[in-house]
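Structure assessment
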Amino acid sequence: MAAKINIGKSTLEVVQSDITLQDTEAVGNAANSALAGGGGVDGAIHRAGGPSLMAELKARYKGCPTGSAVMTGGGNLKAKYVIHAVGPRYSGSPKDAALLGAAYRESLELCSQQNISSIAFPSISTGVYGYPVEEASRIALNTVANYLERHQDIKLIRFVLFDSRTYQTYVAALKELVLPE
Ligand code: ADP
């Protein structure tokens, strides 16, 4: 199952799958600001990638502020890099949206710096962090679409949604996405 649109020469795609199986150059992770490892998608990525991910995080970083991201190698994953992005815990304050958008934008900035041309993202913050999926999907897709319009270096951004309700919500948000001329 997949839905996609083109933005310039790049593709923005939404699929229902497991992020640990993706063959994009990078995969995004929904990390916590201690970079301490956790459940959900973070646990799945660390299990599939192996211990080198945590070893690299511990050696290189002392945590990561909410709304930002850090990068490691992909270990045993097909993806060469993992971008550990820290989304906000949903609080209902207007700051949530800015922080969620920033987590995606900073991840893409790391891709541009590293000449990474394809990345798969999970739905950051909509699991344990409680962000309502309808709102989070609109913020996620608008933020990355905006980035693609300005940066032709990234050729593919794929959202990989684990469960069918989240997938359907992202498909609906993709259909409603309004792109400037
Ligand atoms: P957060 O703490 O940022 O909310 P979670 O890991 O709790 O992060 O959830 C984020 C999203 O990732 C949820 O939609 C969850 O269902 C999804 N998820 C969990 N495992 C995987 C996986 N292997 N691949 C893709 N998405 C996953």
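As a starting point, this report considers the structure included with it. (Residues numbered from 1 in each chain as written. Predicted model: local features only at pLDDT ≥ 70, side-chain atom pairs only at ≥ 80, totals over all residues. Heavy atoms only, no water.)

**Focus on the packing of helix α3 (residues 95-113) against helix α4 (residues 133-150)**
- Contact geometry for α3 and α4: axes closest at 9 Å, N-to-C directions at 35°. As for the relative orientation of α3 and α4, their crossing is right-handed in sense. Taken together, the residues of α4 that come into contact with α3 (itself represented by Ala 97, Leu 100, Gly 101, Tyr 104, Arg 105, Leu 108, Glu 109 and Ser 112) are Ala 136, Ile 139, Ala 140, Thr 143, Val 144 and Tyr 147.
- Tallied by class, the residues present in the contact of α3 with α4 amount to nine nonpolar, three polar and two charged. (Axes fitted to C-alpha atoms, helices over the stretch in contact; angles between N-to-C directions. Helix = DSSP H or I, 4+ residues; strand = E, 2+ residues; numbered from the N terminus. Left-handed = near helix turned anticlockwise from the far one by under 90°. Contact = heavy atoms within 4.5 Å. Nonpolar A, V, L, I, M, F, W, Y, C, P; charged D, E, K, R; others polar.)

**Thoughts on the packing of helix α1 (residues 40-49) against helix α2 (residues 52-60)**
- With their axes 7 Å apart at the nearest point, α1 and α2 run at an angle of 110° to one another. By the angle class used here, α1 and α2 are roughly perpendicular. Only Ser 52, Leu 53, Met 54 and Leu 57 of α2 make contact with α1, whose side of the interface consists of Ile 45, His 46 and Gly 49.
- Considered class by class, the residues forming the contact of α1 with α2 number four nonpolar, three polar and no charged. (Parallel < 35°, antiparallel > 145°, perpendicular 65-115°, else oblique.)

**Side note on the side chain of Ser 123**
- Turning to its location among the elements, Ser 123 is positioned in the loop between β6 (118-121) and α4.
- With relative accessibility at 14%, the residue Ser 123 sits in the buried group.
- Within polar-contact distance, the side chain of Ser 123 engages the side chain of Thr 126 at 2.7 Å.
- Within the structure, Ser 123 has its side chain in polar contact with the side chain of Tyr 170 (distance 2.8 Å).
- The residues contacting Ser 123, other than those within four sequence positions of it, are Tyr 104, Val 160, Leu 161, Thr 166 and Tyr 170. (Buried < 20%, exposed > 50% of the residue type's maximum accessible area, 1.4 Å probe, protein only. Polar contact = N/O pair within 3.5 Å; in protein donor to acceptor, adjacent residues only side chain to side chain.)

**Let's talk about α4**
- Taking 1.5 Å per residue, 18 residues should reach 26 Å; α4 reaches 26 Å between its end C-alpha atoms and fits that length.
- Within α4, burial applies to Val 133, Ala 136, Ser 137, Ile 139, Ala 140, Leu 141, Thr 143, Val 144, Ala 145, Tyr 147 and Leu 148.
- In this structure, the buried residues of α4 make contact with β1 (2-7), β2 (10-16), α3, β6, β7 (156-161) and α5 (164-176). (Expected span 1.5 Å × (residues − 1).)

**Focus: α5**
- Compared with an ideal rise of 1.5 Å per residue, which puts 13 residues at 18 Å, α5 spans 18 Å between its outermost C-alpha atoms and is within 8% of the ideal.
- By the burial criterion, the buried members of α5 are Thr 166, Tyr 167, Thr 169, Tyr 170, Val 171, Ala 173 and Leu 174.
- In this fold, the buried residues of α5 make contact with β1, β2, α3, α4 and β7.

**Considering the pattern of salt bridges**
- Applying the stated rule across the entire model yields four salt bridges.
- The partner of Arg 158 in a salt bridge is Glu 13, and the shortest N-O contact between them spans 2.8 Å. Of this pair, Arg 158 sits in strand β7 while Glu 13 sits in strand β2, placing them 145 residues apart in sequence. Glu 13 carries the same exposure label as Arg 158, and that label is buried.
- With its nearest N and O atoms 3.6 Å apart, the salt bridge here joins Arg 158 to Asp 23. Here the residue Arg 158 occupies a position in strand β7, and Asp 23 occupies one in the loop between β2 and β3 (26-31), the gap between them amounting to 135 residues.
- The class for Asp 23 is exposed, based on a relative accessible area of 57%.
- Linked through salt bridges whose partners overlap, the residues forming this network are Glu 13, Asp 23 and Arg 158. (Salt bridge = Lys/Arg side-chain N within 4 Å of Asp/Glu carboxyl O.)

**Topic: the site of the ligand**
- Around the ligand, 15 residues are found, and the nearest of them are Ile 19, Val 41, Ser 125, Gly 127 and Val 128.
- Within the contact set of the ligand, a nitrogen atom lies 2.9 Å away from a backbone nitrogen or oxygen of Ile 19.
- Here an oxygen atom of the ligand sits 2.8 Å away from a polar atom, N or O, in the main chain of Gly 127.
- Alone, the ligand offers 570 Å² of accessible surface; in the complex the protein occludes 88% of this.
- Among the elements that take part in the shell around the ligand, α1 stands out by supplying three residues, more than any other.
- Partitioned by chemical class, the residues of the shell around the ligand number eight nonpolar, five polar and two charged. (Near = heavy atom within 4 Å. Areas by Shrake-Rupley, 256 points an atom, 1.4 Å probe, with all protein chains shown as cover.)

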